[in-house]
Amino acid sequence: PALDFKPQSSLSKAVARIEQQKQFAQQRAAELKIAEELNDLFKHKSSLRNQEIFGRFWGEVKLRLTKKFGNIPKAFHALDSSGDGSLSFLEFVDMLRLINLPMDQRVVRGLFDKASGGDRALSLEEMKTLLLDKTIRKLRFVMEGFNGKQERVQAHIHRFIRRLTQTDEKNHIRAVDRFQRKLTLEFCQEIWRECLHKVNGGAGNPQIDKKSFVEVMTSFVTKEDGTRLLAYEVTFMQRIFDRLDRHRRGRIGASEFATVALMLGTGADRLAKAATAFDFFDADGDGCLLYEEILELCLCICAHRPVVEEKLRHTHELEFQEELSAQEGRRAYELALWHMQRTGKVSAGIATKAEWVSLLVKLPDVLDCLMPGSVRMRWALEPTAAEEEPGSPVWPPTKQSWDIQQVAGTSAQSFFGGAAGPRTTATPLPPSRRGLGLTTLGEDEVIWANRFRSTQTRQFRQTLSGWGDLRLAELTGGFIAPPEPQTGD
């Protein structure tokens, strides 16, 4: 039996070897056929710009190199006969021949130049990029789909949270309070830096328009570290912006907004807030402010303090309030300047942050004038005028709207929101004057009343401004520091 087994075993091995050679020949013929097809395609130069055909070629190269050598680095080192860490054109030709992918010399030259970017050699990193291009595109497609699903999920979550906050007034108030607690010193500094980065920096108090501002605030919704905003809290940020933009210019100062956000915050004491506000006006970041910059800081805080404390309830009082706030800021600056010149011995018209903090500690009246106590942002619950236009005209009309109508020469009816047309003789009175038994006001009386109001407002502002300039000139002009007292022996 043993003698019979050996011939049968040898015969089966021979048959298996022949079958294996036959499969190898068929496989080689199939590979050469694919090489011929690709060679015919790449004879047209337009095929080199076809991403699908170009990717098909490198897919075949990757498949055959992996099958022959196991992985790409091993294949590269085996093909790099010169050992210089790159494949030359001749080595590239040998590689194609070795994997049964021979092509015409002209075709191979075009493929090599495109792969190497016009260089004389093809590095390992460039080759990896080409071989994994198809895989990278598949992974990118999968990741983009995943990111799209994540964004849709996040959008549903934010919509759900928004609806929860709007279920009743109590939840709405709690949402505003939670938002207000986020306005910490660190978060306000981060907002200020992002706004500066958005407007490419700039000296002093660079202006940021509302579109750019909303983009900055929206970025805090999707950021991964630090304080984040919920989607509905971006609306609160926009309402703060609209409240600061009282003249509807569509832009505000980045330092102004950061300072107001600082005053609205509830997590720090007033001295720390005032010290942080100092940084917002330090444009060059040297830790010092000129006296003019300290004046700008005081004017900014006092101008927006009524906004924070919800004292601007009527738009027709805006001009009076602005001038009063400016004089309040001048007064705070004068107190600070008097202290720095006569007590602090600060010279050269420059004050450091440490000197500013020390001044506020010694002068609590200045700190009380600049930084309000705890405030509640209940006004953020209501939409601003920029969100929804008022349905009826504001009474009494503002000076700006009257000046426009006076120049245009239109009728009082068009001034109150109606179309220009025939001259009318009567206008409804405001509720404050209906108790006198009158129900209408003639157009001439409207004209003279608004003219009188405009004149008185202008005189009031000029008078206050003149007094403030005179007081500041008397304070800063011709001052000589008193000598140090002499102590006797």
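Refer to the preceding data block for the structure.
Residues numbered from 1 in each chain as written. Predicted model: local features only at pLDDT ≥ 70, side-chain atom pairs only at ≥ 80, totals over all residues. Heavy atoms only, no water.

S.K.: Summarise the overall build of the protein chain; cite the residues concerned and give the values.
M.R.: What the protein chain contains, in helices and strands, is 21 helices and eight strands. A total of 489 residues make up the protein chain; the buried ones form 36% of that total. (Helix = DSSP H or I, 4+ residues; strand = E, 2+ residues; numbered from the N terminus. Buried < 20%, exposed > 50% of the residue type's maximum accessible area, 1.4 Å probe, protein only.)

S.K.: Go over the packing of aromatic side chains, please, and point to the residues and values.
M.R.: Taken as a whole and assessed by the stated rule, the structure comprises 13 aromatic pairs. When the ring of Phe57 is compared with that of Trp58, the centres are 5.2 Å apart and the planes differ by 75°; the resulting orientation is edge-to-face. With respect to burial, Phe57 and Trp58 carry one shared label: buried. Measuring from centroid to centroid gives 5.5 Å for Phe92 and Phe112, while their planes differ by 55°, and the two rings are tilted. Of this pair, Phe92 sits in helix H4 (residues 89-98) while Phe112 sits in helix H5 (residues 105-116), and the two are 20 residues apart along the sequence. Of the residues examined, Phe92 reaches a relative accessible area of 0% and is grouped as buried. Judged by its relative accessible area of 1%, Phe112 is buried. Through a chain of ring-to-ring contacts, the aromatic side chains of Phe42, Phe54, Phe57, Trp58, Phe89, Phe92 and Phe112 assemble into a single cluster. The ring of Phe89 is capped by Arg109, whose NZ or CZ atom sits 3.8 Å from the centre of that ring. Directly above the aromatic system of Trp379 lies the positively charged group of Arg243, at a separation of 4.5 Å from the ring centroid. (Phe/Tyr/Trp six-rings, centres within 6.5 Å; stacked < 30°, edge-to-face > 60°. Lys NZ or Arg CZ within 6 Å of the ring centre and 35° of its normal.)

S.K.: Outline the packing of helix H2 (residues 51-69) against helix H3 (residues 72-79), supporting the account with residue identities and numerical values.
M.R.: The relative placement of two packed helices comes down to the angle between their axes together with the axis-to-axis distance. Where H2 meets H3, the closest approach of the two axes is 9 Å, and the angle between their N-to-C directions is 85°. On the basis of the axis angle, H2 is roughly perpendicular to H3. Residues Leu65, Thr66 and Phe69 of H2 form the contact with H3, whose own contacting residues are Ile72, Lys74, Ala75, Ala78 and Leu79. Its residues assigned to classes, the contact of H2 with H3 comprises six nonpolar, one polar and one charged. (Axes fitted to C-alpha atoms, helices over the stretch in contact; angles between N-to-C directions. Parallel < 35°, antiparallel > 145°, perpendicular 65-115°, else oblique. Contact = heavy atoms within 4.5 Å. Nonpolar A, V, L, I, M, F, W, Y, C, P; charged D, E, K, R; others polar.)

S.K.: Give a description of H5 that names residues and reports values.
M.R.: The α-helix advances 3.6 residues per turn, and as a result positions three or four apart in sequence lie on the same side. In this model H5 runs 16 Å from its N-terminal to its C-terminal C-alpha over 12 residues, within 8% of the 16 Å that 1.5 Å per residue would give. Along H5, the positions that sit buried rather than exposed are Val107, Val108, Leu111, Phe112, Ala115 and Ser116. Here the buried residues of H5 occupy an arc of 150° about the axis, which is enough to place them on one side. Positive phi shows up at Gly117, right after H5, with a value of about 70°. (Expected span 1.5 Å × (residues − 1). Arc of directions from axis to C-beta.)

S.K.: How would you explain the side chain of His158 if you had to name every residue and give the values?
M.R.: Counting through the fold element by element, His158 comes out in helix H7 (residues 133-165). According to the relative accessible area criterion, His158 is buried, its value standing at 14%. There is a polar contact of 3.3 Å between the side chain of His158 and the backbone nitrogen of Ala231. Discounting residues that sit within four places of it in the chain, His158 has contacts with Val221, Leu230 and Ala231. (Polar contact = N/O pair within 3.5 Å; in protein donor to acceptor, adjacent residues only side chain to side chain.)

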